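As a plain string of letters, each chain reads:
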Amino acid sequence: MKITIVLISLLAISLSFLYFSTGYKSAFEADQQCHYDMRLKSVEFDGLGCDHDLETNQWLLYKNGINGQPSEVLERYRY
């Protein structure tokens, strides 16, 4: 029983570290990466945009919907 608790705790700590170490360090870095990727992908897609989501602390690279369809999020840049 104790071994199971220790293993679950280690797994939770490892996943938390991985989650928090993979994001950008600031909103500025996430913004710059979003706009850079937008310029690169504008060759493939029309109607791309970047938007800042304050609730989730992310920049979103999205493609505008056609004929009233909702926009499609292509990439998320978490900071």
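Just so it is clear, the structure is predicted and the values come from calculations on it, not from any experiment. (Residues numbered from 1 in each chain as written. Predicted model: local features only at pLDDT ≥ 70, side-chain atom pairs only at ≥ 80, totals over all residues. Heavy atoms only, no water.)

**Some thoughts on the state of the cysteines**
The test is simple: The disulfide criterion is simple: two cysteine sulfur atoms within 2.5 Å. Each helix is a run of H or I in the DSSP string that is no shorter than four residues. Each strand is a run of E no shorter than two, and both are numbered from the N terminus. Any residue under 20% of the maximum accessible area for its type is buried, any over 50% is exposed, and the rest in between are partly exposed; the area is computed with a 1.4 Å probe on protein chains only.
As enumerated under the stated definition, the model contains 1 disulfide in all. Here Cys34 is linked by a disulfide to Cys50, with a sulfur-sulfur distance of 2.1 Å. On the S-S bond that ties Cys34 to Cys50, the torsion sits near -105°, and the link is left-handed. With a gap of 16 residues between them, Cys34 in helix 2 (residues 27-41) and Cys50 in strand 1 (residues 48-53) connect regions that are remote in the sequence. Assigned by exposure class, Cys34 and Cys50 land together as buried.

**Comments concerning the sheet that holds strand 1**
Operational definition: DSSP bridges decide pairing: two strands pair if at least two such bridges lie between them. Here the axes come from fitting lines to C-alpha atoms, over the contacting stretch only for helices, and the angles between their N-to-C directions go from 0 to 180 degrees. Should any heavy atoms of two residues lie within 4.5 Å, those residues are counted as being in contact.
Spatially, 1-2-3 is the arrangement adopted by the 3 strands of the open sheet, whose pairing is antiparallel. Two strands in the sheet have a free side with no partner beyond their single neighbour: strand 1 and strand 3 (72-78). The mean inter-strand angle of the sheet, taken between neighbouring strand axes irrespective of direction, is 25°. Pairing geometry for strand 1 and strand 2 (residues 58-63), over 6 bridges, is antiparallel. The residue bridging Cys50 from the neighbouring strand is Leu61, located in strand 2. Along the sheet face, helix 2 touches strand 1, strand 2 and strand 3 and points at about 15° away from the line of strand 2.

**Some thoughts on the environment of Tyr62**
With respect to the helices and strands, the residue Tyr62 is situated in strand 2. In contact with Tyr62, not counting residues within four places along its chain, are Gly47, Leu48, Gly49, Cys50, Asp51, Ser71, Glu72, Val73 and Leu74.

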